[in-house]
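Summary of the model geometry
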Amino acid sequence: MDHDLPGGARLIVGVDETPASRWALAWAIGAARLHRMALVAVHVSRAPVHPFPEALPMQNTIRAGEEARCAELVGSVFDDVAGGMPDDLTTVVAGRVGDPGYHLVDLAREGDLLVLGRSRRGLFSRMFLPSTSMYCARHARTTVVIVQQPSPPDEPELSGERAKRFWSRRDI
């Protein structure tokens, strides 16, 4: 499956159903156009995988079905973000099954750019589901760009000066 990926410097973007992933994909499309890089959109399904797939005959069928679902999901996210696959870019869609952080780091090689979205998560979610973006930032051998999901318009952000005053020690 890796033999289908383009050579040279690539921009690899992790894609899932979250709004932060859509922001990351939009950023990645713009950066790929700007730097004339091939765009590799990857979705990794967290479906359970047996450590020895040859032990279970159905495991290969499950894996093939999940990888096909990954391609459908990436296609629908491209439709939402850019109105379909960009014609002016070399775009490859890859689907994997397993741990997202591991597969994204494994795909990215030296000279590539790895782009991920980061959403706001609650305490419960952070405790039981590890952060893929933090895993990739720690383990990748290439440059990692983490695109933060913007805050909703009804949540006012503190300006720079006001934030400094709010967190300064003398005010506490």
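1. Re the overall build of the protein chain
- Scanning the protein chain from terminus to terminus reveals six helices and five strands.
- Counting helices and strands in the order they occur from the N terminus, the protein chain gives β-α-β-α-β-α-β-α-α-β-α.
- Per-residue burial for the protein chain yields a buried fraction of 38% across its 172 residues.
- Within the protein chain, contacts between residues at least 6 apart in sequence are counted, and of these 78% link residues at least 24 apart.

2. With respect to the sheet that holds strand β1 (residues 10–14)
- Taken together, the five strands give an open sheet; going across it, the order is β3-β2-β1-β4-β5, and neighbouring strands pair in parallel fashion. Edge positions in the sheet fall to β3 (91–97) and β5 (143–148), since each has one partner strand and no second. For this sheet the average axis-to-axis angle between neighbouring strands, irrespective of direction, equals 25 degrees.
- The sheet contacts of helix α5 (residues 132–139) involve β4 (113–118) and β5, and relative to β4 the element is tilted by about 150 degrees.

3. Observations concerning the layout of surface pockets
- When its volume is computed, the largest pocket comes out at roughly 680 Å³.
- If you trace the largest pocket, you find 29 residues lining it, with Asp16, Thr18, Gly117, Arg121 and Thr132 closest to the centre.
- At the level of secondary structure, the elements contributing two or more residues to the lining of the largest pocket comprise α1 (19–35), β2 (38–45), α3 (100–107), β4, α4 (123–128) and α5.
- For the lining of the largest pocket, the element with the most residues is β2, which contributes four residues.
- Taken together, the residues of the lining of the largest pocket break down into nine nonpolar, twelve polar and eight charged.

The rules behind the values
Position labels on residues start from 1 in each chain and follow its written sequence. Whole-chain, interface and lining totals are the exception, using all residues; otherwise, since this is a predicted model, local features are given only for residues with pLDDT of at least 70 and side-chain atom pairs are given and counted only at 80 or more. To get the side-chain values, take all heavy atoms of the structure and skip hydrogens and water. Think of it this way: any DSSP run of H or I at least four residues long counts as a helix, any run of E at least two long counts as a strand, and we number them from the N terminus. Burial classes follow relative accessibility: with a 1.4 Å probe on protein chains only, a residue under 20% of its type's maximum area counts as buried, one over 50% as exposed, and anything between as partly exposed. The contact criterion used is simple: two residues touch if any of their non-hydrogen atoms lie within 4.5 Å. Strands are labelled as partners when DSSP assigns at least two bridges between them. The convention used is that axes are lines fitted to C-alpha atoms, helices contributing only their stretch in contact, and that angles between N-to-C directions extend from 0 to 180 degrees. A 1.4 Å probe that fits but cannot get out identifies a cavity on a 1 Å grid over protein atoms alone, an open set with protein on both sides within 12 Å along at least five of seven lines counts as a pocket, and a residue lines either if it has an atom within 4 Å of a point. Grid points are joined across faces, edges and corners, and a volume is the space filled by probe spheres set on the points. Here the term charged refers only to Asp, Glu, Lys and Arg, the term nonpolar to Ala, Val, Leu, Ile, Met, Phe, Trp, Tyr, Cys and Pro, and the term polar to all other amino acids, Gly among them.

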